[in-house]
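Geometric and topological summary
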Amino acid sequence: MQRLLSGAYNWFDERAAVRNLLRKGLYEAVPVRGAWFYTLGSATLVLILLQLITGIFLTLLYVPSVTEAWASLNYLKQHDAFGSIVRGIHLWSAYILLFVIGLHMVRTFFSGSYKRPRELNWVTGVILFVLVLGMAITGAFLPWDQAAYWTAVVVTNIAAYTPLIGSFLRALWRGGDTMGPITLVRTFGIHVWLLPAILFPLILAHLALLRKHGEFGSYINYRGAFRSREGVDVPPAPKQRPIEPPYPAVPTDELWAAPLETEDFYPHQTFKDGIVSVGLVIVVFILAVAIGAPLEAIADPSTTSYVPVPEWFFLPLDQLLLLVPQQLIPLILVLPAGGVLLLLALPFIDRGPERNPFERPAVMVPGAFAVLFIVILTLLGSGRLFNQ
Amino acid sequence: MAHRDPRRLTRRQFDLLGTQVAGAVVAVLLGIPIIGFILSPLFRRQPTYWQQVGDIGSVPDGQPTKFVVSFPQGEWTSSKVNAAVYVVKQNNNYTVLSNVCSHMQCPVHWDDALRQFLCPCHGGLYDITGQNVGGPPPKPLPQYVHRIDGTTLYIENRFTENI
Amino acid sequence: MSQLLAVIAPALQRLAAELPAQAPQGSNRIAAQAAIGSLFSLHILIAGLVSGAGELAPAIEFLGYVRQRRRYDRLAHGLGRFMVYYFSVSSTIAILLITVLLVGFWGHFWSTIVTIGWWPFFIEAWTFVLQVSLAYIWYYSWDALRGFKGLHMALGGLLAIASFLQVYMIDIIASYMLTPTNPQNPLRLALNPTSYPLTVHRTVANLAYIGFVFGAFCAIRFLRARDPEDRAFYDWAGSFGLLWGVSMTLVQPIVGYSYAKEIQLHAYNSWYKMMFGQLSVVFLWQIFLLGLMFIVALFYFTRRLRTDHAPGSGLLKLMTAGMVASTLLAAMPYHISFSYDTVVAAGLNRPFWEGGLINPLGSMIPWKVLALIGYSLLAIAAVVWYLRGLPGVVWGTARRGEQRLLILLAGLTMAMIITMGFIRENSRAPFLITGQITIEGQQNTQNVEPTPLPSSGP
């Protein structure tokens, strides 16, 4: 039996070069310290794939028409328990995905992993973040129930506050000045075709770049960290591994080029990745079964009793909309737009080689405050949900 | 034959140029219709319809009364969409207000205790004439283009000012 | 739970019936309010420190572990000792307040609020027990667990969580008094409109407060220390405390604005009193005091860097000047009188250059909002610039001037806390529970001031 299997494997290897591919993929060098933090990236990937799969199967039932959208989902809710769970997974996986992406970004930011030569990795990551946010927003429109409709109204209206071209942007998205059938169909196309067509190749690019340079890891695993420790000698440079060195053979900065201790990706890192991903998927599944994806009453623009409630990832912006007086409303647009631009420019602003977060306060402190402000605004916004 | 004329294209240059031209032609032929299609809603006039609201003779003075009107939702669907209309009568003047907040377009409602229109999203307040008096809304409540025939109100599905 | 309440509620109701239906009247009431007000202020001034220490000290220990520096550990240990020595002072005052003064003078109100907020009070008591027990365990096991730092830090983490939960529970009650909701629904009770803003506000404030106070304490110790190692430690700790204080305080403008917004939406009378009524002068003093705190802090940053000729003090001087400008803008009065109503009554609600009593540059929107944004942004920039200059600083060489600034700042913070307490209690007046129970202790709500409609405000 063993000979049969290894014979088959050799047959494939001669034709598809499988053995070498697997060797390179599985036995990559990964830094030793802080390995649990790196699982956030693979958790993000797993949740996005979960979204892709459940999303594909949802298109087998959902109809993107203003009359049929709610009806099809209502039918699913009433008559299809398994389908409802799929829809629940799609919703809760989306919510948790945004949270995990946030954690992943924060981890990468504080560890200085965006520095040379990994700037492009960061830039593609920021674009991915914006795209995933776009997926979440466009997906929220699709059920066309009260929650979806009013979310769509408010979100498309935010675009209208852009100076000069605001009403054009809003009309572009809505397919006119008011919400209508075109808005829904357009958003469906964006959500199912346009954004994924950009998202998934970018994910592949992001992963390819990661492979090219290797996982950076934690600054404490590098020679550069030893300079600031009291009375400790800087250890000698690590020897290059014989197998697939992802770390640059010609160091860009000698103190931060290659980690001192590494281990194999498979099985050490894959085990940690697996635990975290499986844990998150189980949480998503429990939420999908226990709470599921809610479906409110069908969209009704003539309502005078409905209280629109924002999605959780919109709470910081909604809290700002509450606080900002009318004269300062353009500030609302400047903050997220400026934030994204700053994020994109980060590797080009913070160019120095130092990776220790405590040694570079000029970038870490404003970043920490930005995270703190967002967390506080989210908390304050969530406290309002029961009292509108 | 031995001396090449430098003004003549080499085979390499010719193929290079041809590839670029082919790519450009495809991009233009594909791009123009697609971009035009995406931008077309900006240049298309949305159809407007007149709809009868109802008899407003019995609307009490100083008490905004809500009516619900249904309009066709678009040119290629037969479905209808409801719109809310607040009719306010003061000193024999009628104001025909919508329920669309001028801040983020959330649905506004009349609050009897406050004697004002209140937007639940961010606490925007409008007085009985629709003037914005509190909270973040930057403009008054939009009014519908309307006409009154005797005591019957008709509205069009557009506002007197673009919001 | 409902069985327990079924047993307690009749007892409480009988108690309420037998208690004086009227609270102290006339001058007795003023004396009683003064007694409770001063004791509550004293309680908060110490309890805020204890809560803040419970949350900050474990964080400092963790930071010291990550950075491998012993002075963080020494500081965290000192804060733990503070908690263990001083928590009992504030809790004794609290018990005195509750059992003697509140039950005795305002028993009707007290039994009502306990009946309504039974669960928060119950949980709060147990989180407090947890907080104190953990403080003791965490402090006294320090040396024993030196080899098990992970476990010790986990205990510290639990201490921080318990401290936070205790503040959250008591803030549910405090916020309910201002913006009550349906008391039958525990979720709505806990999520009443000002619950989250108040909790975030107070948690951030506690962290800032302990930072400023231990900074001042270390300043005093520095001035008295002779041993160079001690002097280096106290110098560093004073600066570190100030950094924490400023970092937490610069978040407060947006939290406070959110809090005021919820009060505007759900307790309009109180909001009006603070912004345009008789308390507007005190509120103006508050925003000025906030600016003053930032100015003193930035002044410290500038001086401390200059003492050791570390780079950056020049730009910090500019930032201090910017902070002074923001403070001056923020401190402008809007109505040049004690309350807006007197201005309206006299028909003078127009700009002063048109003969009126309004200063348009003092309006909240947009001038004071811009000044508050200026406070936060300048403070972030100052913190960054100070941290950048720190590698050039030699700990232990500070001059007396810097230490005096730290002591001044702690005093300003205490003044801020007392100001806030004064504003809080008086804005809610004449109610103890807005719209339901007045300070007179009766549930008769006839004798209240007329409600200005939201639209009549400017």
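Here goes a summary of the coordinates provided.

Each value, and the rule that gives it
Residues numbered from 1 in each chain as written. Chains lettered and ligands numbered in written order. Predicted model: local features only at pLDDT ≥ 70, side-chain atom pairs only at ≥ 80, totals over all residues. Heavy atoms only, no water. Pairing = 2+ DSSP bridges. Helix = DSSP H or I, 4+ residues; strand = E, 2+ residues; numbered from the N terminus. Expected span 1.5 Å × (residues − 1). Buried < 20%, exposed > 50% of the residue type's maximum accessible area, 1.4 Å probe, protein only. Contact = heavy atoms within 4.5 Å. Buried area = accessible area lost by both parts, 1.4 Å probe. Salt bridge = Lys/Arg side-chain N within 4 Å of Asp/Glu carboxyl O. Polar contact = N/O pair within 3.5 Å; in protein donor to acceptor, adjacent residues only side chain to side chain. Patch = residues over 30% accessible without salt bridge, like charges linked within 9 Å, V, L, I, M, F, W, Y side chains within 5 Å. Areas by Shrake-Rupley, 256 points an atom, 1.4 Å probe, with all protein chains shown as cover. 1 Å grid on protein atoms, 1.4 Å probe; cavity = no way out; pocket = protein on both sides within 12 Å on 5 of 7 lines; lining within 4 Å. Points joined across faces, edges and corners; volume = space filled by probe spheres on them. Nonpolar A, V, L, I, M, F, W, Y, C, P; charged D, E, K, R; others polar. Axes fitted to C-alpha atoms, helices over the stretch in contact; angles between N-to-C directions. Core = buried A, V, L, I, M, F, W, Y, C linked by side-chain atoms within 4.5 Å.

Focus on the pairing of strand β3 (residues 77-90) of chain B
All names here are of chain B. Note that strand β2 (residues 65-74) and β3 share nine bridges and pair antiparallel. Across the sheet, the residue bridging to serine 70 is asparagine 82, located in β3. The hairpin turn running from β2 into β3, its antiparallel successor, is two residues long. The pairing of β3 with strand β4 (residues 93-98) spans six bridges and is antiparallel. Across the sheet, the residue bridging to valine 85 is serine 98, located in β4. Connecting β3 to the next strand, β4, in antiparallel fashion are two residues, including asparagine 91 with a positive phi near 50°.

Re helix α7 (residues 146-159) of chain A
Relative to the 20 Å expected for 14 residues at 1.5 Å per residue, α7 of chain A spans 21 Å between its end C-alpha atoms, a close match to the ideal helical length. α7 of chain A sits mainly inside the fold: 13 of its 14 residues count as buried.

A word on the pairing of strand β9 (residues 144-149) of chain B
Residue and element names in this part refer to chain B. As paired elements, β9 and strand β10 (residues 152-159) share five bridges and run antiparallel to each other. Within β10, the residue paired with arginine 147 across the bridge is tyrosine 154. Hairpin geometry of β9 and β10 is characterised by an intervening segment of two residues between the two adjacent antiparallel strands and by a positive phi of about 75° at glycine 150.

Quick word on the interface of chain A and chain B
Interface size, as often reported, equals the accessible area lost upon joining of the parts. The partner chain B presents 35 residues to the 38 residues of chain A that form the contact. Carbon and sulfur atoms supply 58% of the area that chain A and chain B bury against each other, a total of about 2900 Å² over both sides. Inspection of the chain A/chain B interface yields zero salt bridges. There are 14 residue pairs in polar contact (both at pLDDT 80 or more) connecting chain A and chain B. Secondary-structure elements contributing two or more residues to the side of chain A that touches chain B are α7, α8 (166-174), α9 (181-213) and α11 (315-323) of chain A.

What to know about a nonpolar patch on the surface
Residues and elements named next belong to chain B. Residues Val26, Leu30, Ile34, Ile35, Phe37, Ile38, Leu39 and Phe43 make up a contiguous nonpolar surface patch of roughly 820 Å² in combined accessible area. Locating isoleucine 34 in the fold gives a position in helix α1 (residues 11-43). Assessed through its relative accessible area of 44%, isoleucine 34 is described here as partly exposed.

With respect to empty space enclosed by the protein
All names here are of chain A. Counted under the stated rule, the structure contains three cavities of 30 Å³ or more. In this model, the largest cavity occupies a volume close to 190 Å³. Of all the secondary structure elements, the ones that give two or more residues to the lining of the largest cavity are α7 and α11. Counting residues per element, the lining of the largest cavity draws most heavily on α7, which supplies six residues. Residue classes in the lining of the largest cavity are distributed as 13 nonpolar, three polar and one charged.

Describing the sheet that holds β2 of chain B
Residue and element names in this part refer to chain B. Spatially, the three strands line up as an open sheet ordered β2-β3-β4, and their pairing is antiparallel. Across the chains shown, the open sheet's two edge strands, defined by having one partner strand only, are β2 and β4. Taken pair by pair, the neighbouring strands of this sheet meet at an average axis angle of 35°, ignoring direction.

What about the nonpolar core?
All names here are of chain C. Among the nonpolar cores identified, the biggest contains 170 residues, and Val246 and Phe301 are the most heavily contacted of them. The dominant element in this core, judged by the number of residues it contributes, is helix α8 (residues 195-224), at 13 residues. Apart from the residues lying within four places of it in its own chain, the contact partners of valine 246 are Phe212, Phe294, Ala297, Phe301, Ala379 and Val383. In this structure, Ala32, Leu97, Leu432 and Ile437 belong to the second largest nonpolar core, which totals 28 residues.

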